[in-house]
Amino acid sequence: MSYDFAPLLHSAIGFDRLARLVDDAVSNAPANTSYPPYNIEKAADDVYRVTMALAGFGPDDVEIYLADNQLIIKGSAPRHGRSGEILHRGIATRAFERRFALADHIEVAGADLVNGLLSITIRHVTPEALKPRRIPITSGVAADLTPSPVDAQQNVSVGHAA
């Protein structure tokens, strides 16, 4: 299913990326979006944390990277040499790929895998050029752009000397 956003974008500038993100979300939605389970929490004003339950996965089984304003987390099925026969498998350890769309000016501060929980810390960093800045106001006499009599006399005397 695809939506045509062209009529909405005739009078908008710079929103083509938004339309592409919505279109990608609709067309690339995976069938099974519940594995692995995750939480997204706001830790501070500009700090967020994504926590995923990855029981049985080790640091070598998980890849995290940024591409095209997306946080992509991929896990390959762990290959642990277990002895014995599994009579019941209740802990899923299958391969997965989870994508999170990120806003502009987001950076990943770090990732930890402790006790089967992968925690990724994300910060929103506003560049200096986009931060509000105060423009100083000076007071005094407004600048006069007409030449003063002294400047006019100097120009005349220079003109006569030539």
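Before reading further, recall that the structure is shown in the block above.
Note that the structure is a prediction, hence the values are computed from the model and not measured.

**Q** Hey, could you go over the pattern of salt bridges for me, with residue numbers and the actual values?
**A** Considering all chains together, one arrives at 4 salt bridges under this definition. Of the charged contacts, one joins Glu-97 and Lys-74 as a salt bridge, the two residues approaching to 3.7 Å between their closest N and O atoms. Of the two residues, Glu-97 sits in strand 5 (residues 96–101) while Lys-74 sits in strand 4 (residues 70–75), which places them 23 residues apart along the sequence. Given the relative accessible area of 37%, Glu-97 is considered partly exposed. Given the relative accessible area of 29%, Lys-74 is considered partly exposed.

**Q** Tell me about the sheet that holds strand 2 (residues 47–53), residues and numbers included.
**A** Spatial strand order, 1-2-7-6: 4 strands in an open sheet with antiparallel pairing. Looking at strand neighbours, the two that pair on one side only are strand 1 (38–44) and strand 6 (106–114), the edges of this open sheet. The average angle at which neighbouring strand axes cross in this sheet is 20 degrees, direction not considered. Relative to strand 7 (residues 117–124), strand 2 runs antiparallel, the two sharing 7 bridges. For Tyr-48, the partnering residue across the bridge sits in strand 7 and is Ile-122.

Conventions and cut-offs
- Residues numbered from 1 in each chain as written.
- Predicted model: local features only at pLDDT ≥ 70, side-chain atom pairs only at ≥ 80, totals over all residues.
- Heavy atoms only, no water.
- Salt bridge = Lys/Arg side-chain N within 4 Å of Asp/Glu carboxyl O.
- Helix = DSSP H or I, 4+ residues; strand = E, 2+ residues; numbered from the N terminus.
- Buried < 20%, exposed > 50% of the residue type's maximum accessible area, 1.4 Å probe, protein only.
- Pairing = 2+ DSSP bridges.
- Axes fitted to C-alpha atoms, helices over the stretch in contact; angles between N-to-C directions.

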